[in-house]
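Read off the chains here:
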Amino acid sequence: MSSAAPAPSPAARLRGLKPDWISDPKVWRTEVLAGLVVALALIPEAISFSIIAGVDPAIGLFASFTMAVVISIVGGRRAMISAATGAIALVVAPLNREHGLGHLIAAVILAGAFQVVLGALGVAKLMRFIPRSVMVGFVNSLAILIFMAQVPEMRNVPWPVYPLIVGGLALMVFFPRITTVVPAPLVSIVVLTVITVAAGIAVPTVGDKGELPSSLPVPGLPDVPFTPETLTTIAPYAFAMALVGLMESLMTAKLVDDITDTRSDKTRESIGQGIANIVTGFFGGMGGCAMIGQTMINVKVSGARTRLSTFLAGAFLMVLCIVFGPVVSDIPMAALVAVMVMVSFATFDWHSVAPKTLRRMPAGEIAVMLVTVACVVATHNLAIGVVVGSVTAMVVFAKRVAHLAEVTAVTDPDGTTVVYRVTGELFFASSNDLVGRFAYATDPQKVVIDLSSAHIWDASSVAALDAIETKYARHGKTVEITGLNAPSARLHDKLTGELSAH
(Lines give C-alpha, C1' and ligand atoms only; values in the text may rest on other atoms or scores of the structure.)
Protein backbone atom coordinates (compact mmCIF):
# COMPACT_ATOMS: atom_id res chain seq x y z
CA MET A 1 0.00 0.00 0.00
CA SER A 2 1.20 3.49 -0.77
CA SER A 3 1.49 5.82 2.15
CA ALA A 4 -0.81 8.83 2.36
CA ALA A 5 0.61 12.19 1.37
CA PRO A 6 1.77 14.20 4.39
CA ALA A 7 -0.53 16.97 5.51
CA PRO A 8 0.66 20.41 4.42
CA SER A 9 2.35 22.49 7.06
CA PRO A 10 0.66 25.65 8.42
CA ALA A 11 3.17 27.74 6.45
CA ALA A 12 2.30 25.92 3.22
CA ARG A 13 -1.42 26.39 3.86
CA LEU A 14 -0.83 30.11 4.44
CA ARG A 15 1.10 30.37 1.18
CA GLY A 16 -1.85 28.82 -0.62
CA LEU A 17 -4.14 31.58 0.68
CA LYS A 18 -1.90 34.38 -0.56
CA PRO A 19 -2.38 35.85 -4.03
CA ASP A 20 0.27 34.92 -6.60
CA TRP A 21 1.53 38.48 -6.89
CA ILE A 22 2.63 38.63 -3.23
CA SER A 23 5.87 36.82 -4.08
CA ASP A 24 6.46 38.51 -7.44
CA PRO A 25 9.02 41.34 -7.09
CA LYS A 26 8.12 42.76 -10.52
CA VAL A 27 4.51 43.21 -9.45
CA TRP A 28 5.63 44.83 -6.19
CA ARG A 29 7.84 47.27 -8.06
CA THR A 30 5.01 48.20 -10.44
CA GLU A 31 2.49 48.63 -7.64
CA VAL A 32 4.79 50.66 -5.38
CA LEU A 33 5.91 53.02 -8.13
CA ALA A 34 2.34 53.38 -9.41
CA GLY A 35 1.15 54.27 -5.92
CA LEU A 36 3.88 56.91 -5.64
CA VAL A 37 2.97 58.51 -8.99
CA VAL A 38 -0.72 58.59 -8.07
CA ALA A 39 0.04 60.10 -4.65
CA LEU A 40 2.01 62.91 -6.29
CA ALA A 41 -0.86 63.56 -8.72
CA LEU A 42 -3.43 63.46 -5.90
CA ILE A 43 -1.92 66.34 -3.92
CA PRO A 44 -2.71 69.28 -6.22
CA GLU A 45 -6.04 67.72 -7.21
CA ALA A 46 -7.14 67.30 -3.60
CA ILE A 47 -6.09 70.86 -2.79
CA SER A 48 -8.00 72.18 -5.83
CA PHE A 49 -11.15 70.28 -4.88
CA SER A 50 -10.87 71.62 -1.32
CA ILE A 51 -10.91 75.13 -2.74
CA ILE A 52 -14.02 74.26 -4.79
CA ALA A 53 -15.75 72.94 -1.66
CA GLY A 54 -14.66 76.02 0.31
CA VAL A 55 -12.68 74.11 2.94
CA ASP A 56 -9.06 74.07 4.12
CA PRO A 57 -6.70 72.07 1.81
CA ALA A 58 -6.02 69.63 4.63
CA ILE A 59 -9.69 68.54 4.53
CA GLY A 60 -9.35 67.38 0.92
CA LEU A 61 -5.99 65.72 1.54
CA PHE A 62 -7.33 63.86 4.59
CA ALA A 63 -10.29 62.68 2.50
CA SER A 64 -7.99 61.40 -0.25
CA PHE A 65 -5.88 59.55 2.32
CA THR A 66 -8.73 57.81 4.12
CA MET A 67 -10.75 57.07 0.96
CA ALA A 68 -7.80 55.40 -0.79
CA VAL A 69 -6.69 53.36 2.23
CA VAL A 70 -10.17 52.16 3.20
CA ILE A 71 -11.38 51.38 -0.34
CA SER A 72 -8.22 49.36 -0.99
CA ILE A 73 -9.49 46.95 1.67
CA VAL A 74 -13.29 47.00 1.31
CA GLY A 75 -13.73 47.98 -2.37
CA GLY A 76 -14.79 45.63 -5.15
CA ARG A 77 -12.51 46.89 -7.95
CA ARG A 78 -8.78 46.28 -7.54
CA ALA A 79 -6.36 49.07 -8.56
CA MET A 80 -9.10 51.72 -8.72
CA ILE A 81 -8.31 54.99 -6.93
CA SER A 82 -10.87 56.70 -4.72
CA ALA A 83 -10.25 60.11 -3.20
CA ALA A 84 -11.70 63.61 -2.93
CA THR A 85 -13.27 64.53 -6.28
CA GLY A 86 -14.56 67.60 -8.06
CA ALA A 87 -18.07 66.14 -8.47
CA ILE A 88 -18.43 65.63 -4.71
CA ALA A 89 -16.92 69.05 -4.03
CA LEU A 90 -19.55 70.68 -6.23
CA VAL A 91 -22.35 68.87 -4.36
CA VAL A 92 -21.19 69.78 -0.86
CA ALA A 93 -19.94 73.32 -1.56
CA PRO A 94 -23.37 75.00 -1.05
CA LEU A 95 -23.88 73.11 2.23
CA ASN A 96 -20.49 74.21 3.56
CA ARG A 97 -21.08 77.78 2.41
CA GLU A 98 -24.50 78.08 4.06
CA HIS A 99 -24.12 75.91 7.18
CA GLY A 100 -20.39 75.36 7.80
CA LEU A 101 -17.88 72.52 7.96
CA GLY A 102 -19.69 70.58 10.70
CA HIS A 103 -22.75 70.07 8.52
CA LEU A 104 -20.54 69.09 5.58
CA ILE A 105 -18.81 66.38 7.64
CA ALA A 106 -22.17 65.11 8.92
CA ALA A 107 -23.44 64.95 5.33
CA VAL A 108 -20.41 62.89 4.32
CA ILE A 109 -21.16 60.31 7.02
CA LEU A 110 -24.85 60.20 6.09
CA ALA A 111 -23.96 59.88 2.39
CA GLY A 112 -21.80 56.89 3.25
CA ALA A 113 -24.73 55.29 5.08
CA PHE A 114 -26.96 55.91 2.05
CA GLN A 115 -24.37 54.25 -0.20
CA VAL A 116 -24.18 51.19 2.03
CA VAL A 117 -27.97 50.84 1.90
CA LEU A 118 -28.15 51.44 -1.86
CA GLY A 119 -25.34 48.95 -2.43
CA ALA A 120 -27.09 46.31 -0.32
CA LEU A 121 -30.32 46.93 -2.27
CA GLY A 122 -28.51 46.13 -5.54
CA VAL A 123 -28.13 49.55 -7.15
CA ALA A 124 -25.05 48.23 -8.96
CA LYS A 125 -27.28 46.00 -11.09
CA LEU A 126 -28.58 49.12 -12.83
CA MET A 127 -25.20 49.38 -14.56
CA ARG A 128 -26.30 46.87 -17.16
CA PHE A 129 -28.84 49.37 -18.46
CA ILE A 130 -26.13 51.86 -19.46
CA PRO A 131 -25.55 51.45 -23.24
CA ARG A 132 -22.14 51.32 -24.87
CA SER A 133 -22.68 54.67 -26.60
CA VAL A 134 -23.18 56.31 -23.18
CA MET A 135 -20.05 54.60 -21.89
CA VAL A 136 -18.04 55.89 -24.85
CA GLY A 137 -19.44 59.39 -24.29
CA PHE A 138 -18.57 59.08 -20.60
CA VAL A 139 -14.97 58.16 -21.40
CA ASN A 140 -14.54 60.90 -24.00
CA SER A 141 -16.12 63.58 -21.82
CA LEU A 142 -13.89 62.46 -18.96
CA ALA A 143 -10.83 62.96 -21.16
CA ILE A 144 -12.08 66.41 -22.15
CA LEU A 145 -12.72 67.41 -18.51
CA ILE A 146 -9.26 66.20 -17.46
CA PHE A 147 -7.70 68.37 -20.18
CA MET A 148 -9.94 71.35 -19.40
CA ALA A 149 -8.91 71.15 -15.74
CA GLN A 150 -5.31 71.72 -16.82
CA VAL A 151 -6.05 74.82 -18.92
CA PRO A 152 -6.09 77.25 -15.95
CA GLU A 153 -2.59 76.02 -15.07
CA MET A 154 -1.42 77.13 -18.52
CA ARG A 155 -2.92 80.62 -18.44
CA ASN A 156 -1.16 83.76 -17.19
CA VAL A 157 1.94 81.81 -16.16
CA PRO A 158 5.66 82.47 -16.70
CA TRP A 159 6.86 81.40 -20.13
CA PRO A 160 9.13 78.56 -18.79
CA VAL A 161 5.95 76.64 -17.90
CA TYR A 162 5.30 75.84 -21.55
CA PRO A 163 8.68 74.25 -22.42
CA LEU A 164 8.49 72.35 -19.12
CA ILE A 165 5.10 70.88 -20.10
CA VAL A 166 6.40 69.97 -23.56
CA GLY A 167 9.49 68.41 -22.02
CA GLY A 168 7.39 66.41 -19.59
CA LEU A 169 5.21 65.10 -22.41
CA ALA A 170 8.29 64.19 -24.45
CA LEU A 171 9.73 62.24 -21.51
CA MET A 172 6.50 60.27 -21.09
CA VAL A 173 6.36 59.45 -24.79
CA PHE A 174 9.99 58.45 -25.35
CA PHE A 175 11.22 57.18 -21.96
CA PRO A 176 9.20 53.91 -22.15
CA ARG A 177 11.19 53.05 -25.30
CA ILE A 178 14.28 52.93 -23.12
CA THR A 179 12.82 51.07 -20.15
CA THR A 180 9.50 50.44 -18.47
CA VAL A 181 10.98 49.50 -15.11
CA VAL A 182 10.20 52.98 -13.73
CA PRO A 183 6.89 54.65 -14.71
CA ALA A 184 7.48 57.46 -17.18
CA PRO A 185 5.22 59.91 -15.26
CA LEU A 186 7.42 59.51 -12.16
CA VAL A 187 10.56 60.12 -14.24
CA SER A 188 8.95 63.20 -15.76
CA ILE A 189 7.98 64.63 -12.33
CA VAL A 190 11.46 64.01 -10.85
CA VAL A 191 13.37 65.40 -13.85
CA LEU A 192 11.28 68.56 -14.14
CA THR A 193 11.50 69.17 -10.38
CA VAL A 194 15.30 68.80 -10.41
CA ILE A 195 15.60 71.17 -13.39
CA THR A 196 13.43 73.90 -11.87
CA VAL A 197 15.06 73.69 -8.43
CA ALA A 198 18.65 73.44 -9.70
CA ALA A 199 18.21 76.24 -12.24
CA GLY A 200 16.15 78.40 -9.90
CA ILE A 201 13.32 78.69 -12.44
CA ALA A 202 10.39 80.61 -10.97
CA VAL A 203 7.22 78.72 -11.94
CA PRO A 204 4.03 77.80 -10.03
CA THR A 205 4.56 74.84 -7.71
CA VAL A 206 2.44 72.47 -5.64
CA GLY A 207 3.17 74.61 -2.59
CA ASP A 208 1.40 77.53 -4.24
CA LYS A 209 -1.87 75.57 -4.12
CA GLY A 210 -2.03 75.54 -0.35
CA GLU A 211 -0.31 74.47 2.84
CA LEU A 212 0.21 70.73 3.25
CA PRO A 213 -0.88 69.07 6.54
CA SER A 214 1.83 68.36 9.12
CA SER A 215 0.08 65.58 11.07
CA LEU A 216 -2.31 62.67 10.59
CA PRO A 217 -6.07 63.24 10.86
CA VAL A 218 -7.70 62.50 14.22
CA PRO A 219 -11.12 60.79 14.45
CA GLY A 220 -14.04 62.63 15.99
CA LEU A 221 -17.72 63.48 15.70
CA PRO A 222 -18.97 66.33 13.49
CA ASP A 223 -19.58 69.57 15.35
CA VAL A 224 -23.34 69.82 14.75
CA PRO A 225 -26.45 69.65 16.94
CA PHE A 226 -27.90 66.14 16.72
CA THR A 227 -31.46 67.24 15.97
CA PRO A 228 -34.11 66.48 13.32
CA GLU A 229 -33.46 69.94 11.85
CA THR A 230 -29.83 69.01 11.20
CA LEU A 231 -30.93 65.77 9.55
CA THR A 232 -33.41 67.50 7.24
CA THR A 233 -30.73 70.06 6.32
CA ILE A 234 -28.00 67.57 5.37
CA ALA A 235 -30.16 64.73 3.97
CA PRO A 236 -30.72 66.18 0.45
CA TYR A 237 -27.02 66.94 0.03
CA ALA A 238 -26.04 63.54 1.43
CA PHE A 239 -28.38 61.69 -0.91
CA ALA A 240 -27.15 63.67 -3.93
CA MET A 241 -23.57 62.96 -2.90
CA ALA A 242 -24.34 59.25 -2.51
CA LEU A 243 -25.86 59.00 -5.99
CA VAL A 244 -23.13 61.02 -7.72
CA GLY A 245 -20.40 59.10 -5.93
CA LEU A 246 -21.86 55.70 -6.74
CA MET A 247 -22.45 56.54 -10.37
CA GLU A 248 -18.93 57.83 -10.92
CA SER A 249 -17.42 54.91 -9.02
CA LEU A 250 -19.42 52.22 -10.82
CA MET A 251 -18.75 53.77 -14.23
CA THR A 252 -15.04 53.94 -13.42
CA ALA A 253 -15.08 50.34 -12.23
CA LYS A 254 -16.67 49.26 -15.50
CA LEU A 255 -14.03 51.21 -17.44
CA VAL A 256 -11.24 49.47 -15.51
CA ASP A 257 -12.96 46.13 -16.10
CA ASP A 258 -12.75 46.76 -19.84
CA ILE A 259 -9.12 47.92 -19.73
CA THR A 260 -7.89 44.99 -17.63
CA ASP A 261 -10.24 42.30 -19.04
CA THR A 262 -11.27 41.40 -15.49
CA ARG A 263 -14.54 41.56 -13.59
CA SER A 264 -15.18 43.48 -10.40
CA ASP A 265 -17.76 43.10 -7.66
CA LYS A 266 -19.95 46.17 -8.19
CA THR A 267 -22.11 45.47 -5.13
CA ARG A 268 -19.05 45.23 -2.92
CA GLU A 269 -17.70 48.42 -4.51
CA SER A 270 -20.96 50.25 -3.78
CA ILE A 271 -20.95 49.20 -0.13
CA GLY A 272 -17.21 49.84 0.08
CA GLN A 273 -17.66 53.40 -1.14
CA GLY A 274 -20.16 53.93 1.64
CA ILE A 275 -17.84 52.52 4.29
CA ALA A 276 -14.96 54.64 2.99
CA ASN A 277 -17.08 57.80 3.16
CA ILE A 278 -18.27 57.00 6.69
CA VAL A 279 -14.67 56.54 7.84
CA THR A 280 -13.63 59.68 5.96
CA GLY A 281 -16.37 61.70 7.65
CA PHE A 282 -15.33 60.59 11.13
CA PHE A 283 -11.75 61.63 10.29
CA GLY A 284 -12.89 65.08 9.17
CA GLY A 285 -12.58 64.60 5.39
CA MET A 286 -14.82 66.07 2.71
CA GLY A 287 -15.80 62.70 1.23
CA GLY A 288 -15.14 61.38 -2.25
CA CYS A 289 -15.54 58.61 -4.78
CA ALA A 290 -13.56 56.94 -7.56
CA MET A 291 -11.14 59.29 -9.31
CA ILE A 292 -11.10 58.52 -13.00
CA GLY A 293 -8.01 60.50 -13.93
CA GLN A 294 -5.86 59.06 -11.14
CA THR A 295 -7.27 55.60 -11.81
CA MET A 296 -6.12 55.91 -15.41
CA ILE A 297 -2.66 56.92 -14.20
CA ASN A 298 -2.62 53.87 -11.93
CA VAL A 299 -4.06 51.29 -14.32
CA LYS A 300 -3.41 52.44 -17.86
CA VAL A 301 -0.21 54.47 -17.56
CA SER A 302 1.57 52.74 -14.67
CA GLY A 303 0.20 49.22 -15.20
CA ALA A 304 -1.00 48.58 -11.63
CA ARG A 305 -3.46 45.73 -11.10
CA THR A 306 -3.78 45.09 -7.35
CA ARG A 307 -5.12 46.67 -4.18
CA LEU A 308 -1.56 47.42 -3.07
CA SER A 309 -1.23 50.38 -5.43
CA THR A 310 -4.49 51.88 -4.12
CA PHE A 311 -3.41 51.47 -0.51
CA LEU A 312 0.04 52.90 -1.16
CA ALA A 313 -1.40 55.87 -3.06
CA GLY A 314 -3.18 56.93 0.14
CA ALA A 315 -0.28 56.03 2.43
CA PHE A 316 2.31 57.78 0.26
CA LEU A 317 0.04 60.83 0.10
CA MET A 318 0.27 61.37 3.85
CA VAL A 319 3.97 60.50 3.97
CA LEU A 320 4.71 62.98 1.21
CA CYS A 321 2.68 65.69 2.94
CA ILE A 322 3.95 65.15 6.48
CA VAL A 323 7.54 63.94 5.98
CA PHE A 324 8.51 65.38 2.61
CA GLY A 325 6.23 68.43 2.56
CA PRO A 326 8.97 70.94 1.64
CA VAL A 327 10.22 68.73 -1.22
CA VAL A 328 6.72 68.06 -2.56
CA SER A 329 5.92 71.77 -2.38
CA ASP A 330 8.76 72.41 -4.87
CA ILE A 331 7.27 70.14 -7.56
CA PRO A 332 6.38 72.39 -10.50
CA MET A 333 2.73 72.29 -11.47
CA ALA A 334 3.94 71.98 -15.08
CA ALA A 335 5.11 68.43 -14.31
CA LEU A 336 1.70 67.37 -13.01
CA VAL A 337 -0.08 69.18 -15.86
CA ALA A 338 2.01 67.19 -18.34
CA VAL A 339 1.01 63.94 -16.60
CA MET A 340 -2.69 64.79 -16.69
CA VAL A 341 -2.54 65.91 -20.34
CA MET A 342 -1.00 62.54 -21.19
CA VAL A 343 -3.75 60.80 -19.18
CA SER A 344 -6.35 62.81 -21.08
CA PHE A 345 -4.88 61.78 -24.42
CA ALA A 346 -4.68 58.10 -23.40
CA THR A 347 -8.21 58.08 -21.98
CA PHE A 348 -9.99 59.51 -25.04
CA ASP A 349 -11.46 56.83 -27.32
CA TRP A 350 -10.01 58.07 -30.60
CA HIS A 351 -11.47 55.11 -32.50
CA SER A 352 -14.99 56.32 -31.64
CA VAL A 353 -14.51 59.57 -33.57
CA ALA A 354 -12.58 58.16 -36.53
CA PRO A 355 -14.33 58.93 -39.86
CA LYS A 356 -14.45 55.22 -40.68
CA THR A 357 -16.25 54.47 -37.42
CA LEU A 358 -18.68 57.39 -37.74
CA ARG A 359 -19.69 56.32 -41.27
CA ARG A 360 -20.67 52.85 -40.02
CA MET A 361 -22.23 53.85 -36.70
CA PRO A 362 -26.03 54.33 -36.59
CA ALA A 363 -27.00 57.99 -36.30
CA GLY A 364 -28.83 57.33 -33.02
CA GLU A 365 -25.70 55.89 -31.40
CA ILE A 366 -23.65 58.92 -32.45
CA ALA A 367 -26.35 61.25 -31.12
CA VAL A 368 -26.35 59.50 -27.73
CA MET A 369 -22.57 59.77 -27.47
CA LEU A 370 -22.62 63.48 -28.39
CA VAL A 371 -25.45 64.24 -25.95
CA THR A 372 -23.54 62.52 -23.14
CA VAL A 373 -20.35 64.45 -23.92
CA ALA A 374 -22.18 67.77 -24.27
CA CYS A 375 -24.01 67.38 -20.94
CA VAL A 376 -20.89 66.38 -19.03
CA VAL A 377 -18.76 69.17 -20.49
CA ALA A 378 -21.53 71.75 -19.96
CA THR A 379 -22.26 70.76 -16.34
CA HIS A 380 -18.85 69.38 -15.33
CA ASN A 381 -20.86 66.57 -13.76
CA LEU A 382 -20.33 63.05 -15.09
CA ALA A 383 -23.44 61.75 -13.32
CA ILE A 384 -25.76 64.20 -15.11
CA GLY A 385 -24.23 63.30 -18.46
CA VAL A 386 -24.69 59.58 -17.87
CA VAL A 387 -28.34 60.01 -16.80
CA VAL A 388 -29.22 62.27 -19.75
CA GLY A 389 -27.31 60.04 -22.16
CA SER A 390 -29.05 56.91 -20.90
CA VAL A 391 -32.49 58.53 -21.19
CA THR A 392 -31.62 59.66 -24.73
CA ALA A 393 -30.53 56.13 -25.58
CA MET A 394 -33.84 54.76 -24.29
CA VAL A 395 -35.78 57.23 -26.44
CA VAL A 396 -33.71 56.34 -29.51
CA PHE A 397 -34.19 52.64 -28.82
CA ALA A 398 -37.94 53.01 -28.28
CA LYS A 399 -38.27 54.97 -31.51
CA ARG A 400 -36.29 52.35 -33.38
CA VAL A 401 -38.17 49.29 -32.13
CA ALA A 402 -41.55 51.03 -32.36
CA HIS A 403 -41.43 50.42 -36.10
CA LEU A 404 -40.59 46.74 -35.74
CA ALA A 405 -44.17 45.60 -35.10
CA GLU A 406 -45.57 44.57 -38.49
CA VAL A 407 -49.17 43.60 -39.27
CA THR A 408 -50.13 41.55 -42.34
CA ALA A 409 -53.69 40.42 -43.21
CA VAL A 410 -54.77 37.29 -45.09
CA THR A 411 -58.49 36.66 -45.89
CA ASP A 412 -59.79 33.10 -46.30
CA PRO A 413 -60.96 32.24 -49.84
CA ASP A 414 -64.53 31.86 -48.62
CA GLY A 415 -64.41 35.43 -47.27
CA THR A 416 -65.69 34.54 -43.79
CA THR A 417 -62.43 34.94 -41.83
CA VAL A 418 -59.45 37.28 -41.89
CA VAL A 419 -56.16 36.42 -40.15
CA TYR A 420 -53.94 39.27 -38.98
CA ARG A 421 -50.38 38.14 -38.28
CA VAL A 422 -48.55 40.48 -35.88
CA THR A 423 -44.76 40.28 -35.87
CA GLY A 424 -42.41 42.04 -33.44
CA GLU A 425 -42.26 43.44 -29.94
CA LEU A 426 -45.43 44.98 -28.52
CA PHE A 427 -44.86 47.67 -25.90
CA PHE A 428 -46.06 51.23 -25.29
CA ALA A 429 -44.27 52.71 -28.32
CA SER A 430 -45.13 50.07 -30.91
CA SER A 431 -48.62 49.20 -29.65
CA ASN A 432 -49.86 52.79 -29.95
CA ASP A 433 -50.04 52.42 -33.73
CA LEU A 434 -51.50 48.91 -33.58
CA VAL A 435 -55.12 49.98 -33.22
CA GLY A 436 -55.09 51.81 -36.53
CA ARG A 437 -53.83 48.83 -38.55
CA PHE A 438 -57.16 46.99 -38.77
CA ALA A 439 -60.09 47.42 -41.18
CA TYR A 440 -62.93 47.28 -38.68
CA ALA A 441 -65.76 48.19 -41.04
CA THR A 442 -64.87 46.04 -44.07
CA ASP A 443 -63.42 42.92 -42.45
CA PRO A 444 -65.53 39.70 -42.41
CA GLN A 445 -67.43 38.55 -39.34
CA LYS A 446 -64.59 36.52 -37.81
CA VAL A 447 -61.19 38.06 -37.11
CA VAL A 448 -58.16 36.09 -35.94
CA ILE A 449 -55.13 37.96 -34.51
CA ASP A 450 -52.11 35.65 -34.64
CA LEU A 451 -49.45 36.69 -32.11
CA SER A 452 -47.21 33.63 -32.47
CA SER A 453 -44.42 35.89 -33.84
CA ALA A 454 -44.94 38.69 -31.32
CA HIS A 455 -44.36 39.30 -27.62
CA ILE A 456 -46.46 41.40 -25.23
CA TRP A 457 -44.30 43.43 -22.86
CA ASP A 458 -46.60 45.81 -21.03
CA ALA A 459 -50.12 46.92 -20.11
CA SER A 460 -50.24 49.35 -23.05
CA SER A 461 -50.16 46.42 -25.46
CA VAL A 462 -52.94 44.59 -23.60
CA ALA A 463 -55.00 47.79 -23.63
CA ALA A 464 -54.44 48.13 -27.39
CA LEU A 465 -55.68 44.57 -27.97
CA ASP A 466 -58.73 45.26 -25.79
CA ALA A 467 -59.42 48.40 -27.85
CA ILE A 468 -59.23 46.37 -31.07
CA GLU A 469 -61.72 43.82 -29.74
CA THR A 470 -64.04 46.61 -28.60
CA LYS A 471 -64.00 48.27 -32.02
CA TYR A 472 -64.78 45.01 -33.79
CA ALA A 473 -67.57 44.28 -31.28
CA ARG A 474 -69.20 47.60 -32.20
CA HIS A 475 -69.45 46.26 -35.78
CA GLY A 476 -70.89 42.97 -34.56
CA LYS A 477 -67.75 41.00 -35.27
CA THR A 478 -65.84 38.49 -33.13
CA VAL A 479 -62.10 38.46 -32.44
CA GLU A 480 -59.94 35.48 -31.54
CA ILE A 481 -56.38 36.04 -30.27
CA THR A 482 -54.07 33.06 -30.88
CA GLY A 483 -50.40 32.13 -30.64
CA LEU A 484 -49.55 33.86 -27.37
CA ASN A 485 -46.36 32.59 -25.79
CA ALA A 486 -46.50 31.73 -22.08
CA PRO A 487 -45.31 35.08 -20.61
CA SER A 488 -47.51 37.06 -23.01
CA ALA A 489 -50.51 34.85 -22.23
CA ARG A 490 -50.07 35.32 -18.49
CA LEU A 491 -49.85 39.10 -18.82
CA HIS A 492 -52.83 39.22 -21.21
CA ASP A 493 -55.00 36.99 -19.04
CA LYS A 494 -54.16 39.06 -15.96
CA LEU A 495 -54.91 42.48 -17.46
CA THR A 496 -57.44 42.03 -20.28
CA GLY A 497 -60.73 43.72 -19.52
CA GLU A 498 -59.26 45.53 -16.51
CA LEU A 499 -57.68 48.53 -18.24
CA SER A 500 -60.72 50.36 -19.67
CA ALA A 501 -61.88 53.46 -17.83
CA HIS A 502 -65.49 52.69 -18.77
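Details of the structure are given in the entry above.
Residues numbered from 1 in each chain as written. Predicted model: local features only at pLDDT ≥ 70, side-chain atom pairs only at ≥ 80, totals over all residues. Heavy atoms only, no water.

### Some thoughts on the packing of helix H5 (residues 101-120) against helix H10 (residues 266-282)
- It is at 7 Å that the axes of H5 and H10 come closest, and there the two elements cross at 160°. Considered as vectors, H5 and H10 are oriented roughly antiparallel to each other. The interaxial crossing formed by H5 with H10 has left-handed handedness. Every residue of H10 that contacts H5 at Ile105, Val108, Ile109, Gly112, Ala113, Gln115, Val116, Gly119 and Ala120 is listed here: Thr267, Ser270, Ile271, Gln273, Gly274, Ile275, Asn277, Ile278, Gly281 and Phe282. (Axes fitted to C-alpha atoms, helices over the stretch in contact; angles between N-to-C directions. Helix = DSSP H or I, 4+ residues; strand = E, 2+ residues; numbered from the N terminus. Parallel < 35°, antiparallel > 145°, perpendicular 65-115°, else oblique. Left-handed = near helix turned anticlockwise from the far one by under 90°. Contact = heavy atoms within 4.5 Å.)

### Examining the pattern of salt bridges
- Considering all chains together, one arrives at seven salt bridges under this definition.
- Its salt-bridge partner being aspartate 258, residue lysine 254 comes within 4.0 Å of it at the nearest N-O pair. Taken together, the positions of lysine 254 and aspartate 258, both in helix H9 (residues 228-260) and four residues apart, correspond to about one turn of that helix.
- The partly exposed category is assigned to aspartate 258, whose relative accessible area is 45%.
- Each of Arg77, Asp257 and Lys266 takes part in a single network of salt bridges with overlapping partners. (Salt bridge = Lys/Arg side-chain N within 4 Å of Asp/Glu carboxyl O. Buried < 20%, exposed > 50% of the residue type's maximum accessible area, 1.4 Å probe, protein only.)

### Some details on the pairing of strand S4 (residues 417-426)
- Sheet topology note: the strand S3 (residues 406-411)/S4 ladder contains six bridges and is antiparallel. Looking at S4, one finds that alanine 409 is bridged to tyrosine 420.
- Between S3 and S4, which pair antiparallel one after the other, the connecting turn spans five residues, and glycine 415 there sits at a positive phi close to 75°.
- For S4 and strand S5 (residues 446-456), the ladder comprises nine bridges, and the chain directions are parallel. Pairing of glycine 424 across the sheet is with alanine 454, part of S5. (Pairing = 2+ DSSP bridges.)

### Some remarks on the packing of aromatic side chains
- As enumerated under the stated definition, the model contains eight aromatic pairs in all.
- Judged by centre distance (4.5 Å) and plane angle (45°), the ring pair of phenylalanine 348 and tryptophan 350 falls under tilted.
- Here the aromatic rings of tyrosine 420 and phenylalanine 438 are separated by 4.4 Å at their centres, their planes lie at 55°, and the arrangement is tilted. Highlighted residues: tyrosine 420 in strand S4 and phenylalanine 438 in the loop between helix H18 (428-431) and S5, separated in sequence by 18 residues. (Phe/Tyr/Trp six-rings, centres within 6.5 Å; stacked < 30°, edge-to-face > 60°.)

### Looking at the environment of valine 368
- Take valine 368: it is sitting in helix H16 (residues 363-379).
- Residue valine 368 is classed as buried on the basis of its relative accessible area of 2%.
- Separated by 45 residues in sequence, valine 368 and valine 323 place their C-alpha atoms 48 Å apart.
- Those residues in contact with valine 368 that lie beyond four places of it in its chain are Ser133, Val134, Gly389, Thr392, Ala393 and Val396.

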